[in-house]
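What follows is each chain in one-letter form.
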Amino acid sequence: MEQRPPEVVLAVEAALERNAREPLLMDLRGLSDATDWFLIASGDSDTHSRAIADNILERLRASGYRPAGVEGKSAATWILLDYITLVVHVFLPRVRDYYELERLWGDAPALAVE
């Protein structure tokens, strides 16, 4: 199994701790100059999406990782956490379905989230 960077492992664990729906990790190395990894997940409501994002922020901050940017937390329909090499997207299901990031980055390997 391929070694994932520690911030990616922590983000996945933090999302799962808050019961993120349909989490998907995408390996964008060699496909994107913007980032190496996408973690895409859904929340059942704006409150649930914020809880997922907040837990990821807290867990990564406790391990010394600071986001370069955080967008969308107030509306919580699409929350983006930018850690440069990792970008986390937490969507409401209807917004995730609309933007279809998984399809847009269809060349990227989708990896198991456990």
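Just so it is clear, the structure is predicted and the values come from calculations on it, not from any experiment.

1. A word on helix 1 (residues 6-17)
Its twelve residues give helix 1 an end-to-end C-alpha distance of 16 Å, which sits within 8% of 16 Å, the value for a rise of 1.5 Å per residue. Taken together, the buried positions of helix 1 are occupied by Glu7, Val8, Leu10, Ala11, Val12, Ala14 and Ala15. Summarising the contacts, the buried residues of helix 1 are in contact with strand 1 (21-27), strand 2 (37-42), helix 2 (46-62) and strand 5 (86-91). Of the residues one or two after helix 1, asparagine 19 is the one with positive phi, at around 60 degrees.

2. Examining the pairing of strand 5
Extensive coverage of strand 5 is indicated by the burial of six of its six residues. With burial as the criterion, each face of strand 5 is covered, one bearing Leu86, Val88 and Val90 and the other bearing Val87, His89 and Phe91. Relative to strand 5, strand 2 runs parallel, the two being bridged by six bridges. What sits directly across from isoleucine 40, in strand 5, is histidine 89. Alignment of strand 4 (residues 78-82) against strand 5, held across five bridges, turns out to be antiparallel. Across the sheet, the residue bridging to aspartate 82 is valine 87, located in strand 5. As consecutive antiparallel partners, strand 4 and strand 5 are separated by three residues, and within that stretch isoleucine 84 has a phi angle of approximately 70 degrees, a positive value.

3. Examining the pattern of salt bridges
Under the counting rule described, the total for this entry stands at eight salt bridges. The closest approach of N and O atoms between arginine 59 and glutamate 17, which form a salt bridge, is 2.5 Å. Here arginine 59, found in helix 2, pairs with glutamate 17, found in helix 1; they are 42 residues apart in sequence, far enough to count as distant. Judged by its relative accessible area of 41%, glutamate 17 is partly exposed. Here aspartate 54 and lysine 73 are joined by a salt bridge, their closest N and O atoms 2.5 Å apart. Taken together, the positions of aspartate 54 in helix 2 and lysine 73 in the loop between strand 3 (69-71) and strand 4 put the pair 19 residues apart, joining distant regions of the chain.

4. Re the nonpolar core
Residues Ala11, Leu39, Ile56, Leu81, Leu86 and Val88 are the most contacted members of the largest nonpolar core, which totals 23 residues. Sorting the residues of this core by element identifies helix 1, strand 2, helix 2, strand 4 and strand 5 as the ones contributing at least two each. Per-element tally for this core: the top contributor is helix 1, with six residues. Counting residues in each nonpolar core, the second largest holds eleven residues, with Leu24, Phe38, Leu101 and Ala108 among its members.

What counts as what
Residues numbered from 1 in each chain as written. Predicted model: local features only at pLDDT ≥ 70, side-chain atom pairs only at ≥ 80, totals over all residues. Heavy atoms only, no water. Helix = DSSP H or I, 4+ residues; strand = E, 2+ residues; numbered from the N terminus. Expected span 1.5 Å × (residues − 1). Buried < 20%, exposed > 50% of the residue type's maximum accessible area, 1.4 Å probe, protein only. Contact = heavy atoms within 4.5 Å. Pairing = 2+ DSSP bridges. Salt bridge = Lys/Arg side-chain N within 4 Å of Asp/Glu carboxyl O. Core = buried A, V, L, I, M, F, W, Y, C linked by side-chain atoms within 4.5 Å.

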